[in-house]
Amino acid sequence: MKNSIILVDDNKINDGLVLYAIKIIYIKTEDYKNRKQMMINDSNSSKDVSNSSKGSSLLWTSPAIYNLCTAFSILEHSNETILTSSRLMALTLMLMQVLKPGDHGLIVDSVYYPMKEYCKTVLSGLNINIDFFDSRNEFNFKTLFRTNTKLVHLESPCSDTTEIQNIYGICKYVKNRSTKCIISMDNSWATPLIYKPLLHGVDISICNLNKHLTEWLNTDITSISTTRTVSYLFTKFKNLVDLTCNNFDVNTVLNNLRSSIIRIWQNQNSIIKLCEYLYAMRYLCHVFCPALPSSLDHELWKKAYKLQNNIISFRLNKGSIEKHERFVANLRDFKTKLCDSNTSTASVFVVKDRRFESEQNYPVIRLQIGSENVDHLMNDLNLAFLTIR
């Protein structure tokens, strides 16, 4: 395997959008082993026993994981990146490392639902107080912020309904109010290919890599990237984290980094065209897409994101779960199982327990767009709409 490095080159496009052309090359396995052995020898020579045990654990880190962590540290502009086996594991690990009994945390109400359940069932029993705030109500956020607030957690775009928060504005306010409050963000739906939270004031960026970068259903990798000031929180834990995937899956993600941003850019016009088509359909109650001018979050999206990811969500007029499932079952070009990165998928999700929504629980159809002909996809959607009139 060729000895190499990871290079990042910025190239500006006509409208000012910056694409990151990433050249991924691998470190030699023998060089990696020699480097690890030197670290172990240094730690063994130290009088600190904890350093020795830490050095010995480094033997279990594979070159593939090392390369992927390095690549994401560069993408995120972070001090350090560690990998976990799932999105929920990364989120719960972050919560347990940042919050202690008696602390208070503020989490956006539109957050990933399993995380909300974890806060209500586990953290409440540990005397850790969590409040959820409305992402579109600045006054609500400011009134909930306390002197003992140690964490503000954001998710933008949020799961299923793609709300976007003013990340820079929230971070600026928090830093002015408290020097001890840490800001984390779940960036799984945009990934650092589109948005880089650490450059806008966030301290911890979490990203589920299988949203854009993996091809297999059984692969689930999530990264935790941190700034220099909070990296110490994960020092004791990082060498204990093990991945349930093999080196082939890790290298697949690493290789896909080179083409993912280009695919997102090339599919941009098709995704916008599909969103506009859905927005005009009389069968729909709402289309969740910040790239549409009609969206409440369009200005924030245009200012900070500029690119739309390959996820589109919408609700049917008559919102029973059975009707949404029947609609998905009638799709033909959209598949219900992910076979490869170029296959579109359609799924039904239920938006649960949103305090600031007029309707508490409602079904949402989520489409994941591949590189198919957009006219074929629109025809497929139209035929499915006819079956549920």
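For every chain, the first residue of the written sequence is number 1, and numbering continues from 1 onward in sequence order. For a predicted model such as this one, the threshold for reporting local features is a pLDDT of at least 70, and the threshold for listing and counting side-chain atom pairs is 80 or more; totals across whole chains, interfaces and linings nevertheless cover every residue. Side-chain calculation: all heavy atoms of the structure are included, whereas hydrogens and water are not.

**Q** Honestly, helix α4 (residues 87–98) in this entry has me stumped. Any pointers?
**A** Only runs of H or I of at least four residues qualify as helices and only runs of E of at least two qualify as strands under DSSP, and these elements are numbered from the N terminus. Every helix has an expected span of 1.5 Å times one less than the residues it contains. If you check α4, its first and last C-alpha atoms are 17 Å apart, about what 12 residues at 1.5 Å a residue would give, namely 16 Å. Think of it in three bands: with a 1.4 Å probe and only protein chains considered, a residue is buried below 20% of the maximum accessible area for its type, exposed above 50%, and partly exposed in between. If you check which residues of α4 are buried, you get Arg 87, Ala 90, Leu 91, Thr 92, Leu 93, Met 94, Leu 95 and Val 98. By the N-cap criterion, in which a side-chain oxygen at the helix start approaches the backbone nitrogen of a residue two or three places on, α4 is capped by Ser 86, the distance to Met 89 being 3.0 Å. We define a polar contact as two N or O atoms separated by no more than 3.5 Å, with the added condition that, inside protein, one atom must be a possible hydrogen donor and the other a possible acceptor, whereas residues neighbouring each other in sequence contribute only through side-chain atom pairs.

**Q** Help me understand the sheet that holds strand β13 (residues 362–368), please; the structure alone is not making it clear to me.
**A** Note on sheets: strands pair through backbone hydrogen bonds, and any given pair is parallel or antiparallel. Spatially, 4 strands are ordered β10-β11-β13-β12 in an open sheet, and the strand pairing comes out antiparallel. The open sheet is flanked by β10 (284–288) and β12 (345–351), the only strands paired with a single partner. On average, adjacent strands in this sheet sit at an angle of 25° to one another, irrespective of strand direction. By the convention used here, strands pair only if DSSP detects at least 2 bridges between them. Direction of pairing for strand β11 (residues 311–316) relative to β13: antiparallel, over a ladder of 4 bridges. Considered in β13, the bridge of Ile 312 is made with Leu 367. Orientation is described by lines fitted to C-alpha atoms, with helices fitted over the stretch in contact, and by angles between N-to-C directions that extend from 0 to 180 degrees.

**Q** Just to check I follow, could you spell out the packing of aromatic side chains for this structure?
**A** The geometry of an aromatic ring pair is captured by two quantities: the separation of the ring centres and the angle between the planes. Ring pairs shown here join Phe, Tyr and Trp side chains whose ring centres sit within 6.5 Å, with only the six-membered ring taken for Trp; geometry is labelled stacked below 30 degrees between planes, edge-to-face above 60, and tilted in between. All told, the structure shown has 9 aromatic pairs when counted by the stated rule. Centre to centre, the rings of Tyr 195 and Tyr 305 are 4.6 Å apart; their planes meet at 15°, and the pair counts as stacked. Of this pair, Tyr 195 sits in the loop between α8 (191–194) and β8 (204–208) while Tyr 305 sits in the loop between α11 (298–304) and β11, and the two are 110 residues apart along the sequence. This pair shows no difference in class: Tyr 195 is buried, exactly as Tyr 305 is. Taken together, Phe 133, Phe 141, Phe 145 and Tyr 173 form an aromatic cluster joined through their ring pairs. In this scheme, Lys NZ or Arg CZ marks a charge over a ring once it lies within 6 Å of the ring centre and within 35 degrees of the ring normal. Its end group placed over the ring of Tyr 112, Arg 87 keeps NZ or CZ at 3.9 Å from the ring centre. In this structure, Arg 366 is placed above the aromatic ring of Phe 349, and the distance from its NZ or CZ to the ring centre is 3.8 Å.

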